[in-house]
Amino acid sequence: GVGMGMTAPVSITAFPAEDGSLQQKVKVSLRIPSQFQANPPHPSDESIKIEERQEMTIYSMQFGGYAKEVDYVNYAAKLESALGSEAAYRKDFYFCNGYDPPMKPYGRRNEVWFVKE
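Structure report, in brief. Numbers given to residues run from 1 along each chain, matching the order in which its sequence is written. Side-chain atom pairs in this predicted model are given and counted only at pLDDT of 80 or more, local residue features only at pLDDT of at least 70, and totals for whole chains, interfaces and linings cover all residues. Hydrogens and water molecules were not included; the side-chain quantities draw on all heavy atoms of the structure.

1. Some thoughts on the pattern of salt bridges
Criterion for a salt bridge: a side-chain nitrogen of Lys or Arg within 4 Å of a carboxyl oxygen of Asp or Glu. Counted under the stated rule, the structure contains four salt bridges. Across the salt bridge formed by glutamate 51 and lysine 27, the nearest N and O atoms sit 2.9 Å from each other. On the criterion of sequence distance, the pair formed by glutamate 51 in the loop between helix H1 (34-37) and strand E3 (58-63) and lysine 27 in strand E2 (residues 22-30) is long-range, its members being 24 residues apart. Relative accessibility thresholds used throughout: buried, under 20% of the residue-type maximum; exposed, over 50%; partly exposed, between the two (1.4 Å probe, protein chains only). Note on glutamate 51: relative accessible area 56%, which makes it exposed. Between arginine 109 and glutamate 111 there is a salt bridge; the shortest N-O distance is 2.7 Å. Take arginine 109: its relative accessible area is 33%, and that puts it in the partly exposed class. Strands are runs of DSSP state E lasting at least two residues, helices are runs of H or I lasting at least four, and both sets are numbered from the N terminus onward.

2. Observations regarding the sheet that holds strand E4 (residues 94-98)
Two strands qualify as a pair provided DSSP detects at least 2 bridges between them. Taken together, five strands build an open sheet; the order of strands is E2-E1-E4-E5-E3 and the sheet is antiparallel. Sheet topology places E2 and E3 at the edges, where each strand pairs with a single neighbour. Pairwise comparison of adjacent strand axes, ignoring direction, gives a mean angle of 25° for this sheet. Two strands pair when backbone bridges link them, and strand E1 (residues 10-16) and E4 are joined in this way by five bridges, in the antiparallel orientation. The residue of E4 that forms the bridge with valine 10 is glycine 98. Each axis is a line fitted through C-alpha atoms, taken for helices only over the stretch in contact, and angles between the N-to-C directions span 0 to 180 degrees.

3. Structural notes on the nonpolar core
Grouped burial of nonpolar side chains is what soluble globular proteins tend to show. In terms of nonpolar packing, the biggest core is built from 12 residues, these being Ala14, Leu22, Phe63, Tyr72, Ala76, Leu79, Ala87, Tyr89, Tyr94, Cys96, Val112 and Phe114. Mapped by element, the contributors of at least two residues to this core are helix H2 (69-83), E4 and strand E5 (110-115). The contact criterion used throughout is that any non-hydrogen atoms of two residues lie within 4.5 Å. With sequence-adjacent residues up to four places away left out, tyrosine 89 is seen in contact with Tyr59, Glu80, Leu83, Phe114, Val115, Lys116 and Glu117. Side-chain atoms within 4.5 Å are what join buried Ala, Val, Leu, Ile, Met, Phe, Trp, Tyr and Cys residues into a set we call a nonpolar core. Of all hydrophobic cores here, the second largest spans six residues; its members include Phe15, Phe95, Tyr99 and Val115.

See the structure below:
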């Protein structure tokens, strides 16, 4: 097989429950590097699927540190509050994104994305 190394962001699709907590259902997505996108390698594990993410416009909030679930939930609430009631975005899911390898102790970048409707 071909190794692609670490890609960024690691994007987790989160599905919020009525109370704002996250359901146990998540989807983890990794970006396929540009040189492999036209003809991506075929996964050897049947549970891994290659999907094309459609173009989208997002609302985003960035934060630092080693992000945990509670951090993503809190920043999603802050983004929701910052957007107010005027912004139209998908409420059934949002993206939790991490850009850094686990060994990077400082200057970490995380983001919460809401998809504009």
